[in-house]
Amino acid sequence: MVLKPSLLSWFCRHQNRSVSAWTPLATAFNAPSARRINFTRVDGLFRMPELRSFEGFYLLRENAETRTQELVSEAISSQRRRKMVDIFDDLSDSLCKVADLAEFVRIAHPQSKYTQAAEQACISICGVVERLNTHKPIYKVLSQVVEHGDKFPTSEVDRHVASLFLFDFEQSGIHLPEKERLRVVHLNDCILQMGQKFMNGAVQPSVLPLSHVPVSIRNYFPNSGGNVIVTGLCTNAESVQMREAAYRLYLLPTDSQEDLLRDLLLCRHELACSCGFDTYAHRALNGSTMEGPEIVREFIDQLSEKLRPRADADFARMTQMKRREGGQADAVAAVWDTPYFTSQLRRESLKAQIDEFLPFFSLGGCMEGLDNLLQALYGVRLENTEMEPGESWHNDIYKLAAVHETEGLLGYIYCDFFERAGKPSQDCHFTIQGGKRLPDGTYQLPVVVVMLSLAKPRWSGPSLLSPARVDNLFHEMGHAMHSMLARTEHQHVTGTRCSTDFAEVPSVLMEYFASDPRVLRTFARHFQTHKPISEDMLLRLCASKHLFAASETQLQVFYSALDQEYHGIGARQGGSTTETLRSVQNRYYGLPYVDNTAWQLRFSHLVGYGAKYYAYLVSKTIASWIWQSYFEANPFNRQAGEKYRSEILAHGGAVPGRKLVANFLQREMTPSVLADSLITEIDSDELKIKELMVSRG
């Protein structure tokens, strides 16, 4: 492309101004990335020589299989010369290095040859794991060490990690008689297949004959071949009739989904009982921060009781808004109204429009803000690092080195931030290589990928982030820094490799920093003028994130309670999942169940987070408690940051999460304390919102 002289001179002036105003890190992320040309050297993916071509996956999986055989022989040998847990961790490391890498490449690489080779590697490693799960001799030696102790000195962490390996082993039923073990294998296979079918069905549109849809609402939805097609809930539609129609039609119950969910729950219950647990929830929560479903239920019940009057006040306000907007004195807020009126309140009372904030949150500016925060809390800076040709899977990838001011290089974060054809749209964090202590005393550096789906930067301007995307960026970088700052002996428990209800704590905590005006002031500047965001805009933005927090939290309580009910003692009865939904909703949510709807049949999280959906709620509660105790007074407190790193982040999953939290906060993590922590936050945020609204008239 050839630029006209006048346009070229403007562009150069703009670029010079950006360079002088932004840090090098911000400048790099605010400009389109460029592939380095090097005619003398071509590295493989992630600088792995084997992956200079897709065929390297075959070598990687062969090497992993060979190494597995060597380690198995070492573990069962009577001449074993090191701790059993170290052998198992090496075994886990050799398999995870291939499996985790292959899983990421299978999902993210744009070239089919790589994705196909990666998929074959995944299948191959799964086969190795399945064979290990039937290897009685290696199970026997591990079981003996866990039950009676190793012949070599071991630490408390060693014993904890060894018990985690044993628990993983027994999930395949290796400790059971052969007939029962085969039944466990069959159940696991059925659960996997039913889960995939359920998830696929959960996103299918509702297709109804025109004759089944009232004439008054047909025009709200597309139609084809004599059918009305409803693809979603239309939560932000201005028409209340359209919102209600979408809710009722999209959530119509279907026999196929009901059968899949009921059978999935029955199989999970049988699987848990076969492995010695009372319910699937007991199995899923074994080793979790909450320890068992009884404590989860107590937490849910206590939080629900405290939330109810606050959530009722939210719904009363929504009802007032609905009556004022529609002119109907008897109108009442319904389940299809809550997202709409949250957005309305944000626009009307706080004058908070998403487009208004976009220019102040360039991607480079946000990365600069993250860098400033990490330096303040941990003495860690993020350095944009040049990559060799072939090191990345696309030319718009950035590579960050996490460098500590005294410890040096901590690890690498590859940033795959921009949307492209075929790339998954979800924001997520992938571990490519876990950190661990090596035999020579050095440390195997962690390597991770953070994936977002942002619009690509153009020569005329950088990628601009909405407030929600800023939160997502901080959230995923929270996962990445958990990996970078962990310094565990074993990779099996490094960084985010901990219980589900603890893994989200560091990432959710980062959202608190992203919502604090003092942090946002350090980087929220207009991408062209570099003018800081105004104080009024800043306060409105932060307040808008907490509107109707009580009712939104109550919704999460309801979801968590439903998930626990489905995976609890009632699962053995195999009754209607919709009747269970009706009962739980009436108990835990302030808006009533809508007849002839089956929201749970669209709840795909039941597959990936079976009996663990509560984890987000608990993680948020723990993060809130940590924020209030250590960072609310000063979000840049270095002493608090160092303590948080050394007592929480450094341990990964090597120490039970419940113990870490209790030691760090110097208080037992009871359901009552957790519930009170979240209620304190909700009340504080509500007071700030009211004060802001009053000040704005």
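Higher on the page you've got the structure.
Here the structure is a predicted model, which means the values were calculated and not measured. (Residues numbered from 1 in each chain as written. Predicted model: local features only at pLDDT ≥ 70, side-chain atom pairs only at ≥ 80, totals over all residues. Heavy atoms only, no water.)

A separate point is the packing of helix α16 (residues 363-378) against helix α17 (residues 467-485). Where α16 contacts α17, the two axes come as close as 11 Å, and the packing angle between them is 40°. Between α16 and α17, the angle falls in the class oblique. Classified by chirality, the crossing of α17 by α16 is right-handed. Across the interface between the two elements, L363, C366, M367, L370, L373, L374 and Y378 from α16 touch V470, L473, F474, M477, M481 and L485 from α17. (Axes fitted to C-alpha atoms, helices over the stretch in contact; angles between N-to-C directions. Helix = DSSP H or I, 4+ residues; strand = E, 2+ residues; numbered from the N terminus. Parallel < 35°, antiparallel > 145°, perpendicular 65-115°, else oblique. Left-handed = near helix turned anticlockwise from the far one by under 90°. Contact = heavy atoms within 4.5 Å.)

Right, let's talk about the nonpolar core for a bit. In this structure, F361, M367, L382, I413, F417 and L473 are the most contacted members of the largest nonpolar core, which totals 155 residues. When neighbours within four sequence positions are excluded, I413 is seen to be in contact with L382, Y398, K399, L400, V448, V450, M477, A480, M481 and M484. In this structure, A75, Y114, A121 and Y139 belong to the second largest nonpolar core, which totals 52 residues. (Core = buried A, V, L, I, M, F, W, Y, C linked by side-chain atoms within 4.5 Å. Buried < 20%, exposed > 50% of the residue type's maximum accessible area, 1.4 Å probe, protein only.)

Moving on, we get to empty space enclosed by the protein. Across all of its chains, the model carries two cavities of 30 Å³ or more by this definition. Looking at the largest cavity, its volume works out to about 90 Å³. Lining the largest cavity are 13 residues, with Y378, P506, M510, Y644 and L649 positioned closest to its centre. For the lining of the largest cavity, the secondary structure elements donating two or more residues are α16, α17 and α19 (505-514). Taken together, the residues of the lining of the largest cavity break down into 11 nonpolar, two polar and no charged. The volume enclosed by the second largest cavity comes to roughly 50 Å³. Grouping the constituent residues of the lining of the second largest cavity by class yields two nonpolar, eight polar and one charged. (1 Å grid on protein atoms, 1.4 Å probe; cavity = no way out; pocket = protein on both sides within 12 Å on 5 of 7 lines; lining within 4 Å. Points joined across faces, edges and corners; volume = space filled by probe spheres on them. Nonpolar A, V, L, I, M, F, W, Y, C, P; charged D, E, K, R; others polar.)

With that settled, the discussion passes to the pattern of salt bridges. Considering all chains together, one arrives at 44 salt bridges under this definition. Residues D89 and K436 are paired through a salt bridge, measuring 3.1 Å at the closest nitrogen-oxygen approach. Of this pair, D89 sits in helix α4 (residues 84-108) while K436 sits in strand β8 (residues 436-437), placing them 347 residues apart in sequence. For D89, a relative accessible area of 1% puts it in the buried group. R381 is the salt-bridge partner of E383, the closest N and O atoms lying 2.5 Å from each other. Residue E383 is classed as partly exposed on the basis of its relative accessible area, which comes to 29%. (Salt bridge = Lys/Arg side-chain N within 4 Å of Asp/Glu carboxyl O.)

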